[in-house]
Amino acid sequence: MNKCTTSLLLLLSFLLTGSSVIGQHQENSEQIKTLKIAFFTEKLELTPEEASVFWPIYNAHENAKEALRAEQRKEIRDRFETLESLSETEAKNALARYLELEEKEEELDKAYYKRISNEFSAVRTLKLFQAEQEFRRRLLQEYRKRKGSKP
């Protein structure tokens, strides 16, 4: 493991240590975004010029996905206190809306990866898939490690 990756992991470990404090949620989220930028930039070997093209596309995609997730929470997950309180008609409508939002997210992803592959090579687009998966895996590992070490 190279020095930059090791430093990122140590910093990530440090950040997740304080993640149990509710007031730090926004701060931790911003710090994780900072780590993600460094991690992706390194993994994709982005030059400053390439980064200036990549990050606006990536950020617009992440914002669009977050808006869809918020819509999904508002319309489906948080709308009903318990599934037992739903009528069959309400459940069918909620399920149909959920599937519609899932399709929208899939279309967003397709458009995003198509745009990325038009701006960068197919190989680098596949490296992006790999970097996203690796970042999520490391983040989850750190979270589990920190959660497991609490009393």
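The structure presented is a predicted model; accordingly, all values stated were derived computationally and were not measured.

This next bit is on the overall build of the protein chain. When helices and strands are tallied, the protein chain shows five helices and zero strands. Taking all 151 residues of the protein chain together, 28% fall into the buried category. For the protein chain, the share of sequence-separated contacts (at least 6 apart) that also reach a separation of at least 24 residues comes to 66%. Per element, the accessible surface of the protein chain, about 10500 Å² overall, is 55% carbon and sulfur.

What follows concerns the nonpolar core. Among the nonpolar cores identified, the biggest contains 18 residues, and Phe 40, Leu 46, Phe 54, Trp 55, Tyr 112, Ile 116 and Leu 128 are the most heavily contacted of them. Of all elements in the fold, only α2 (25-44), α3 (48-77), α4 (88-119) and α5 (122-148) reach the threshold of two or more residues within this core. Trp 55 has contacts with Lys 36, Ile 37, Phe 40, Thr 41 and Leu 46, leaving out every residue within four places of it along the chain.

So, on to the packing of α4 against α5. Closest axis-to-axis distance for the α4/α5 pair is 9 Å, and the angle between their directions is 130°. When the interaxial angle is binned, α4 and α5 end up oblique. Across from Tyr 112, Tyr 113, Ile 116 and Ser 117 in α4, the residues of α5 making contact are Thr 125, Leu 128, Phe 129 and Glu 132. By residue class, the composition of the contact of α4 with α5 is five nonpolar, two polar and one charged.

Let's shift gears to α4. Helix length check: α4 (32 residues) gives 46 Å between terminal C-alpha atoms against 46 Å at 1.5 Å per residue, within 8%. Along α4, the positions that sit buried rather than exposed are Ala 94, Arg 97, Leu 101, Glu 105, Tyr 112, Tyr 113 and Ile 116. Next to the buried residues of α4 lie α3 and α5.

Scoring rules and cut-offs
Per-chain numbering applies: the sequence of each chain, read as written, is numbered from 1 onward. For this predicted model, a pLDDT threshold of at least 70 governs which residues receive local features, and a threshold of 80 or more governs which side-chain atom pairs are given and counted, while totals over whole chains, interfaces and linings are taken from all residues. Hydrogen atoms and water are omitted, and side-chain values are computed over all heavy atoms in the structure. To qualify as a helix, a DSSP run of H or I must reach at least 4 residues; to qualify as a strand, a run of E must reach at least 2; elements of each kind are numbered from the N terminus. Note on classification: 1.4 Å probe, protein chains only; a residue is buried when its accessible area is under 20% of the maximum for its type, exposed when over 50%, partly exposed between these limits. In this analysis, two residues are considered to be in contact whenever any of their non-hydrogen atoms come within 4.5 Å of each other. The Shrake-Rupley method, run with a 1.4 Å probe sphere, supplies the accessible areas, and residue values consider only the shown protein chains as cover. We define a nonpolar core as any set of buried Ala, Val, Leu, Ile, Met, Phe, Trp, Tyr and Cys residues linked to one another through side-chain atoms lying within 4.5 Å. Simply put, an axis is a line fit to the C-alpha atoms, just over the touching stretch for a helix, and the angle between two N-to-C directions goes from 0 to 180 degrees. Orientation labels follow simple angle bins: below 35 degrees gives roughly parallel, above 145 gives roughly antiparallel, 65 to 115 gives roughly perpendicular, and whatever is left gives oblique. Note on residue classes: Ala, Val, Leu, Ile, Met, Phe, Trp, Tyr, Cys and Pro are nonpolar, Asp, Glu, Lys and Arg are charged, and everything else, Gly too, is polar. Expected span of a helix, by definition, is 1.5 Å for each gap between consecutive residues, and there is one gap fewer than residues.

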